[in-house]
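# Results of the structural survey
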Amino acid sequence: MTRVPMEGKVLNENDRAAAELRAEFARHGVFAVNLISSPGSGKTALLERTLESYDAGRRVAVLTGDIQTDADAARLARYGFPVRQITTAGACHLDARMIRRALDGWELAQIDLLFIENVGNLVCPTSYDLGEACKIVLLSVTEGEEKPLKYPGIFFKSELMLLTKIDLLPYVPFNIDVAEANARTIHPEIQIARLSCTTKQGLDEWLRWIDARKGGQ
Amino acid sequence: MHEVGIANGILEAVRKETEAHKPARAVKVGVRIGEMAGIDPQSLAFSFEVLVKGSDLEPLDLAIEPGVLDELEFAYLELEVP
Ligand SMILES: Nc1nc2c(ncn2[C@@H]2O[C@H](COP(=O)(O)OP(=O)(O)O)[C@@H](O)[C@H]2O)c(=O)[nH]1
Ligand SMILES: [Mg+2]
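Residues numbered from 1 in each chain as written. Chains lettered and ligands numbered in written order. Predicted model: local features only at pLDDT ≥ 70, side-chain atom pairs only at ≥ 80, totals over all residues. Heavy atoms only, no water.

## Concerning the overall build of chain B
So the rule is basically this: Numbering goes from the N terminus for both helices and strands, where a helix is a DSSP run of H or I of at least four residues and a strand is a run of E of at least two. A radius of gyration in this sense is built from C-alpha atoms; the matching globule rule multiplies 2.2 Å by the number of residues raised to 0.38. Between buried and exposed lies partly exposed: a residue is buried under 20% and exposed over 50% of the maximum accessible area for its type, with that area taken using a 1.4 Å probe on protein chains only.
Scanning chain B for helices and strands turns up 2 helices and 3 strands. In sequence order, chain B lays out its α and β elements as α-β-α-β-β. Here the C-alpha atoms of chain B give a radius of gyration of 12 Å, agreeing with the 12 Å that 2.2 N^0.38 yields for 82 residues. In terms of its C-alpha atoms, chain B occupies a principal-axis envelope of roughly 40 × 25 × 15 Å. When each of the 82 residues of chain B is scored for burial, the buried share is 49%.

## Some thoughts on the coordination of the magnesium ion (ligand 2)
All names here are of chain A. Defined as follows: Metal sites are built from N, O and S donor atoms within 2.8 Å, or 3.2 Å for Na, K and Ca, and they leave out water, so they may look incomplete.
The coordination sphere of the magnesium ion (ligand 2) contains the protein donors Thr44 (OG1), Asp72 (OD) and Glu117 (OE), at a distance range of 2.1 Å. If you list the donors of the magnesium ion (ligand 2) from N- to C-terminus, the spacing comes out as T-x27-D-x44-E. With Asp72 in helix H3 (residues 71-77) and Glu117 in strand E5 (residues 113-117), the pair connects residues that are 45 residues apart, well separated along the chain. Accessibility assignment for this pair places Asp72 and Glu117 in one class, buried.

## Overview of the layout of surface pockets
Basically, it comes down to this: Here a cavity is any set of points on a 1 Å grid over the protein atoms alone where a 1.4 Å probe fits but cannot get out, and a pocket is any open set with protein on both sides within 12 Å along at least 5 of 7 lines; a residue lines the site when it has an atom within 4 Å of a point. Grid points are joined across faces, edges and corners, and a volume is the space filled by probe spheres set on the points. When residue character is reported, Ala, Val, Leu, Ile, Met, Phe, Trp, Tyr, Cys and Pro are called nonpolar, Asp, Glu, Lys and Arg charged, and the others, Gly included, polar.
Size it by volume and the largest pocket reaches roughly 730 Å³. In this structure, the largest pocket is lined by 28 residues; those nearest its centre are Val10(A), Leu11(A), Glu13(A), Gly9(B) and Glu12(B). When contributions to the lining of the largest pocket are tallied by element, the ones reaching two or more residues are helix H1 (12-28) of chain A together with helix H1 (3-19) of chain B. If you tally residues by element for the lining of the largest pocket, the top one is H1(B), at 8 residues. Of the residues assigned to the lining of the largest pocket, the class counts are 10 nonpolar, 9 polar and 9 charged. Its volume calculated, the second largest pocket comes out at about 340 Å³.

## Some remarks on the environment of Ser47(B)
The line we're drawing: Each polar contact in these results corresponds to two N or O atoms within 3.5 Å; when the atoms are within protein, one needs to be able to donate a hydrogen and the other to accept it, and residues that are neighboring in sequence are counted only if both atoms are side-chain atoms.
Looking at the element boundaries, Ser47(B) is found in helix H2 (residues 41-52). Polar side-chain contacts of Ser47(B) include one of 2.9 Å to the backbone oxygen of Ser43(B).

## Describing the site of ligand 1
Residue and element names in this part refer to chain A. Rules: Proximity is defined per residue: any heavy atom of the residue falling within 4 Å of a molecule or strand makes that residue near it. Per-residue and other accessible areas follow the Shrake-Rupley method at a 1.4 Å probe size, with only the shown protein chains counted as cover for residues.
Neighbouring residues of ligand 1: 16 residues in total, closest Gly40, Lys43, Ala45, Asp167 and Cys197. A distance of 2.7 Å is found between an oxygen atom of ligand 1 and a side-chain nitrogen or oxygen belonging to Lys43. Its free accessible area being 580 Å², ligand 1 has 70% of it covered by the protein chains. Across the shell around ligand 1, the residue classes tally to 4 nonpolar, 7 polar and 5 charged.

## Observations regarding the environment of Asp167(A)
All names here are of chain A. The criterion, for reference: Residue contacts follow a heavy-atom distance rule, with two residues in contact if any of their heavy atoms lie within 4.5 Å.
Relative to the helices and strands, Asp167 resides in the loop between strand E7 (160-164) and helix H7 (176-186). Asp167 sits 46 residues away from Arg213 along the chain, and the two C-alpha atoms are 26 Å apart. Dropping the residues within four chain positions of it, Asp167 is found in contact with Ser196, Thr198 and Thr199. A distance of 2.8 Å separates a polar atom in the side chain of Asp167 from a polar atom in the side chain of Ser196.

## Re the interface of chain A and chain B
The condition that has to hold: The term buried area means the drop in 1.4 Å probe accessible area that two parts suffer when joined, counted for both and summed. One side-chain nitrogen of Lys or Arg within 4 Å of one carboxyl oxygen of Asp or Glu is enough to make a salt bridge. In short, DSSP must find at least two bridges between two strands for them to pair.
Taken residue by residue, the interface counts 23 residues in chain A and 26 residues in chain B. When chain A packs against chain B, the two sides together hide about 2200 Å² of surface, and 65% of this comes from carbon and sulfur. The interface formed by chain A and chain B contains 3 salt bridges. For Glu73(B), the salt bridge is made with Lys9(A), and the minimal N-O distance between the two is 3.3 Å. At the surface where chain A touches chain B, the tally comes to 10 residue pairs in polar contact (both at pLDDT 80 or more). Bridging between strand E1 (residues 2-5) of chain A and strand E3 (residues 72-80) of chain B involves 4 bridges; their strand directions are antiparallel. Looking at the pairing, Val4(A) lines up with Leu77(B) of E3(B).

Function-wise, these values are silent; they only describe arrangement.
Shown next, in the form of structure tokens:
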């Protein structure tokens with residue numbers, strides 16, 4: 001029996017495709033954001049409020065991933081910006097090749113800001129780089145404040161945690177300070193914002209965050 | 001359940017690597033997985049077992065070693081020379 005060292009990342013192929021995307025985004029000045037959360041935490045609602053707030057001249061586009069249906073793309077297309085649905089037919093995450101295919105035919109030079117709504121799942125999307133500039137994790141107040149500890153990977157890899165549906169705080173026993181402390185236990189540098197897409201509380205802060213982050217790249 | 005895809009990726013890599021060491025055959029592959037990698041080791045081990053069964057690579061073991069943070073990397077390959 002002989003043991004030989006084996007080099008490289010297990011997701012080498014995805015990483016390679018993601019690196020190509022990242023280079024392409026850089027070449028065309030596209031700031032790409034990967035939005036990740038459990039199903040129903042409010043990713044599409046956040047994008048609705050975001051697109052609604054942008055003027056028509058804004059060079060923004062959205063790719064939205066789901067296992068089945070193009071319901072989210074239909075919700076998002078109403079705002080007049082380019083939107084495409086990626087249906088994964090069973091896969092619990094988007095990968096870099098799906099993004100590449102979905103971008104086909106889009107003139108990247110015409111896009112400054114690309115939102116990618118990942119498939120609803122707090123685990124699987126963690127491992128797949130999509131060439132994005134940053135990952136953002138959403139945690140709604142109905143999910144429990146211990147989730148950052150139970151699903152540490154995505155909180156570790158996300159630059160920003162958005163605590164969503166804060167309009168529901170009076171109705172659910174969710175300690176928002178504990179949720180934030182838990183996220184910081186996993187990732188001390190994580191940035192945190194609170195938001196409601198129903199009352200729009202915190203929406204301006206989110207819009208400023210994304211512009212500032214994009215400006216700084 | 002992306003662990004099936006990950007297990008598949010490991011098998012592909014083992015095939016490729018073994019090719020370079022002909023006529024040896026692979027008996028065990030070691031990977032390092034960190035706690036932040038978003039991988040459930042048990043679910044990966046299970047997927048791996050199912051995929052290996054009945055394949056050209058059977059019997060092949062998977063050894064999962066603790067990695068640093070979000071590490072998800074190959075560590076080694078054990079080969080048997082006939
Ligand atoms: N009360 C409340 N409900 C929300 C908020 N954001 C989203 N929802 C609701 O939560 C459900 C799931 O939202 P959706 O955007 O589809 O989540 P996604 O699966 O992460 O895309 C929908 O019924 C939304 O109307 C919010 O800020 N407050
Ligand atoms: Mg959605």
